[in-house]
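Reading the structure
Listed below, chain by chain, are the residues.
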Amino acid sequence: MADRTERQPQATIHADGAWLAAVSGATREILDPADARPFAVVAEGDEKDADRAVAAARQAFDHGPWPGTPAAERAALLRRVAGLLVRDREELGLLESRDAGKTVEEGRVDIDCVADAFRYFADLVAAEAPGRVVDAGSPDIHSVVVHEPVGVCALITPWNYPLLQASWKIAPALAAGNTFVVKPSEITPMTTIALIELLAEAGLPAGVANLVTGPGHTVGARLAEHPDVDLVSFTGGLASGTKVAQAAAPTVKKVALELGGKNPNVVFADACATEEGFDTAVDQALNAAFIHSGQVCSAGARLIVEESVRERFVTELARRAQKIRLGRGTADGVECGPLVSEQQRAKVEAYVASALAEGAVLRCGGKRPEPSPERPATGWFYEPTVLDACHREMRVVREEVFGPVLTVETFRTEEEAVRLANDTEYGLAGAVWSADTAKARRVASRLRHGTVWINDFHPYLPQAEWGGFGRSGTGRELGPAGLAEYRETKHVYQNLAPKPVRWFAG
């Protein structure tokens, strides 16, 4: 990776190609979720730091070379970044593990996906035609629709997938020719800092990529309201996303929001008719709910299973969930790491307590695990939890928990399954399990969710759009629409044989 000895550890604000300390001089310790010990120190920026970074991005967009750089050259830079990510895969995967608490293997997979995103948007922009010719009905008219970069982009990213979510914004923003200021989560900024270093190593001009570390209520709020920011893209919780939209409204800037979900995993009995089918559906239900300790916006936290197989399915699911090996993400054999913070664990505990008070049946988990050498008592661990006999009126079913908690609901008919799956204010993702292809596709077509898996859960493709219905947000990331978010559309109409109109007699 790039040599970090050229700056002090707390100089983690990047503006106009330079690494800087916060204007205030404030710093923040970054804690390892596995033991709550600090392992890094970063600058704690505020509104003044945000202003400094926006000014650099504005100057680079208005007067720098990047917006006018040919698409082929922009694509080549993105491919170089992908190569650097592959080169540093092991170090970045480990850093992502320590930052967010996930296993090192999950961290490595994240880095692979980040490299894929950079390659995809490089290929997409390199293959595009320079504009869409519009038939104006006359040989004397040349009419073309072109796409131009939107300008200065404020990119606000979450703590659960720090580098992956950053890449979903940074790669298309750069591919389109924009400049940007990225604000990673204040508790998981380390791999985003590393990515900014890799962008510079790849040859990105100074001022194009800027970063401010700091909290949302200061840095994030200032970026959202800033009059020199042309677009704000935010991934995070519903409450924070609403504030971002409100802050951005007075300047009427473009806004893209990805705000999480409460995602149904619908299992029909026919999916479990064979032992192989049953085993696969149970295994995938575990993956849907407990990957990264359930701290996934698309987690299949709502298991909706047909009544006739419910007891067998939930019993086996709980048995396997109890065997999930919790521990420090860097330890060999660990399958699931800690929650990201003490605050997040307390939130999960409160949801489980409320569910039990409202009548849910605890099938497994529901508590902190016993400490062990690979699971320090100071770490923020919580056992994978299965709550049976749940219903729509429970908070744990309605609201996003963002932890290792799976709720179980049941249905008897296809119509009831669809009704339950759509009975949420969110609409990010969901899945349908059935051996009947026609039924599975029929149900999938009726689900009001931005991504629907059939007989699978969690995979995504960089070439396919990602985003949600309802309160899961606005706009899309990835795919051609993900690139379009970072562009303005312009119609250029040229009259090749101008002559007087004579509308006015005088």
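The model shown is predicted, which means the values in this text are computed figures rather than measured ones. (Residues numbered from 1 in each chain as written. Predicted model: local features only at pLDDT ≥ 70, side-chain atom pairs only at ≥ 80, totals over all residues. Heavy atoms only, no water.)

**Side note on the packing of aromatic side chains**
This is how the line gets drawn: Ring pairs are drawn from Phe, Tyr and Trp, using the six-membered ring of Trp, whenever the two centres fall within 6.5 Å, and their geometry is named by plane angle: stacked under 30 degrees, edge-to-face over 60, tilted for the rest. Helix and strand definitions follow DSSP, with helices as H or I runs of at least four residues and strands as E runs of at least two, each counted in order from the N terminus. Residue exposure (1.4 Å probe, protein chains only): buried if accessible area is under 20% of the type maximum, exposed if over 50%, otherwise partly exposed.
For the structure on display, the rule yields eight aromatic pairs. Taken together, a centroid distance of 6.1 Å and an interplanar angle of 65° make the contact between Trp168 and Trp466 edge-to-face. Of the two residues, Trp168 sits in helix H5 (residues 162-175) while Trp466 sits in the loop between strand E18 (451-454) and strand E19 (473-474), which places them 298 residues apart along the sequence. Classification of Trp466 as buried rests on a relative accessible area of 6%. Ring centres of Trp453 and Trp466 lie 6.3 Å apart, and the angle between their planes is 45°; this geometry places the pair in the tilted category.

**Let's talk about the pattern of salt bridges**
The following threshold applies: Whenever a carboxyl oxygen of Asp or Glu lies within 4 Å of a side-chain nitrogen of Lys or Arg, that contact is scored as a salt bridge.
Evaluated as defined, the whole model comprises 42 salt bridges. When salt bridges with common partners are traced through the structure, they connect Arg89, Glu90, Glu105, Arg108 and Asp112 into a single cluster.

**So, the environment of Leu31**
Our working rule: When checking whether two residues touch, look at their non-hydrogen atoms; a contact exists if any pair is within 4.5 Å.
The topology assignment puts Leu31 in strand E3 (residues 27-32). When the C-alpha positions of Leu31 and Arg98 are compared, they lie 8.3 Å apart, and in sequence the two are 67 residues distant. For Leu31, the residues in contact, after removing those within four places along its chain, are Ala36, Arg37, Pro38, Phe39, Arg98, Asp99 and Trp380.

**Observations regarding the sheet that holds strand E14 (residues 361-364)**
Applicable threshold: We call two strands paired when DSSP finds no fewer than two bridges between them. Structural elements are reduced to axes, namely lines fitted to C-alpha atoms, with helices fitted over the stretch in contact, and the angle between N-to-C directions of any two is expressed from 0 to 180 degrees.
Pairing is mixed across the open sheet formed by seven strands, whose spatial order is E14-E15-E16-E13-E12-E17-E18. Edge positions in the sheet fall to E14 and E18, since each has one partner strand and no second. The mean angle between the axes of side-by-side strands here comes to 20°, regardless of whether they run parallel or antiparallel. Of the pairings in the sheet, the one linking strand E13 (residues 302-306) to strand E16 (residues 405-411) comprises five bridges and is parallel in character. Bridged to Glu306 within E16 is Phe411. Packed onto the sheet, helix H11 (residues 342-357) meets E14, strand E15 (385-388) and E16 and runs at close to 25° relative to E15.

**Brief notes about empty space enclosed by the protein**
Here is the rule: Put plainly, a pocket is an open set of points on a 1 Å grid over the protein atoms alone with protein on both sides within 12 Å along at least five of seven lines, a cavity is a set where a 1.4 Å probe fits but cannot get out, and a lining residue has an atom within 4 Å of a point. Grid points are joined across faces, edges and corners, and a volume is the space filled by probe spheres set on the points.
According to the stated counting rule, one finds two cavities of 30 Å³ or more in the structure shown. Each pocket or cavity is described by its volume, and for the largest cavity that value is around 100 Å³. Lining the largest cavity are 14 residues, and of these Gly294, Ala299, Ala301, Val401 and Phe402 sit closest to its centre. Taken as a whole, the second largest cavity holds about 70 Å³ of empty space.

**Re the sheet that holds strand E20 (residues 487-495)**
Within the open sheet, the three strands sit side by side as E5-E6-E20. Their pairing is antiparallel. Looking along the sheet, the strands with just one partner apiece sit at the ends: strand E5 (132-134) and E20. Averaged over all adjacent pairs, the angle separating strand axes in this sheet is 25°, with direction ignored. As paired elements, strand E6 (residues 141-149) and E20 share nine bridges and run antiparallel to each other. By the bridge assignment for E20, Ile141 is matched with Asn495.

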